[in-house]
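Breakdown of the fold
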Amino acid sequence: SRLGEPLYALQLGVPLVLGLLLAPKAWEHYGVFLLPALLASFAVARPFAEAAGNRALGAELHANRGNVLSDLGELEAAIDEYQLAVQGYRAAGNKRGEGQALSYIGSVWAVLGEQSRALAAFEPALAALRSIGHSYQAVVLHRMGTAHHERRQLAAAADDFTAALEIWRAHHLRWGEAMTL
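The rules behind each value
The numbers attached to residues start from 1 for each chain and follow its sequence in the written order. Where local features are concerned, this predicted model is filtered to residues with pLDDT of at least 70; where side-chain atom pairs are given and counted, the filter is 80 or more; whole-chain, interface and lining totals use all residues. To get the side-chain values, all heavy atoms of the structure are used, and hydrogens and water are removed first. Axis definition: a line fit to C-alpha positions, over the contact stretch in the case of helices; interaxial angles, taken between N-to-C directions, run 0 to 180 degrees. Secondary structure elements are taken from DSSP: a helix is a run of H or I of four residues or more, a strand is a run of E of two residues or more, and numbering for both begins at the N terminus. Note on terminology: angles under 35 degrees are roughly parallel, angles over 145 are roughly antiparallel, angles of 65 to 115 are roughly perpendicular, and the others are oblique. Left-handed describes a crossing in which the near helix is turned anticlockwise from the far one by less than a right angle; the clockwise case is right-handed. Contact between two residues is taken to exist if any of their heavy atoms lie within 4.5 Å; hydrogens are not considered. As a working rule, the residues Ala, Val, Leu, Ile, Met, Phe, Trp, Tyr, Cys and Pro are called nonpolar, Asp, Glu, Lys and Arg charged, and the rest polar, with Gly in that last group. Whenever a carboxyl oxygen of Asp or Glu lies within 4 Å of a side-chain nitrogen of Lys or Arg, that contact is scored as a salt bridge. Residues enter a nonpolar core if they are buried and are Ala, Val, Leu, Ile, Met, Phe, Trp, Tyr or Cys, with the set joined through side-chain atoms within 4.5 Å. Accessibility here uses a 1.4 Å probe with only protein chains present; expressed as a share of the type maximum, an area under 20% marks a residue as buried, one over 50% as exposed, and anything in between as partly exposed.

Thoughts on the packing of helix α6 (residues 115-132) against helix α7 (residues 137-150)
Two elements in contact, α6 and α7, have axes whose closest approach is 9 Å; the angle formed by their N-to-C orientations is 160°. Comparing their axes, α7 and α6 come out roughly antiparallel. Of the two elements, α6 crosses α7, and the hand of that crossing is left-handed. Residue-level contacts link Gln115, Leu119, Phe122, Glu123, Ala125, Leu126, Leu129 and Arg130 of α6 to Gln137, Val140, Leu141, Arg143, Met144, Ala147, His148 and Glu150 of α7. Here the residues of the contact of α6 with α7 sort into nine nonpolar, three polar and four charged.

Some details on the pattern of salt bridges
Within this structure, the stated rule accounts for six salt bridges. Members of the salt-bridge network, linked through shared partners, are Arg90, Lys95 and Glu98.

Topic: the nonpolar core
In terms of nonpolar packing, the biggest core is built from 40 residues, with Ile105, Phe122, Val140 and Met144 touching the most fellow members. Those elements giving two or more residues to this core turn out to be α2 (24-51), α3 (55-71), α4 (75-92), α5 (95-111), α6, α7 and α8 (154-170).

Below you can see the structure in the form of structure tokens.
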């Protein structure tokens with residue numbers, strides 16, 4: 001849809017997203033069938049964000065589209081969307097979003113078995129998140145530890161996991177601590 005055209009896809013997308021957020025069991029059972037409609041709702045919303053000059057929202061839409069594509073197994077397309085998200089977050093000066101989107105790219109590379117490419121994405125993700133002291137850097141460190149472990153770089157993996165634990169504990173995030181242990 002373009003600006004000014006009927007908003008039926010957006011009208012479908014908003015209740016769909018709200019319904020999925022409010023009814024997690026529905027997502028559990030029917031989510032995979034609704035993902036294409038969710039993709040369509042992101043496509044409809046993006047021009048509105050761009051027309052409003054809201055770069056962070058446009059970047060968020062790309063990141064969410066990347067998440068859906070990743071869930072659908074379209075990993076290369078997901079990376080493309082995440083890269084667009086990184087560009088948008090950088091343009092908006094949003095370090096949190098930039099770091100998370102780079103982390104998503106690294107995670108997809110890790111799933112594809114490309115641990116060195118994963119680490120190449122995790123490094124700038126960590127730098128962006130460290131620059132603002134965001135606790136999500138613990139997630140990135142955990143993922144880096146996993147990538148280093150896969151590459152049999154056990155000392156580096158131990159350092160990453162230890163650093164992640166320190167951040168989890170400093171922010172009282174027990175779920176992250178449990179995941180890393």
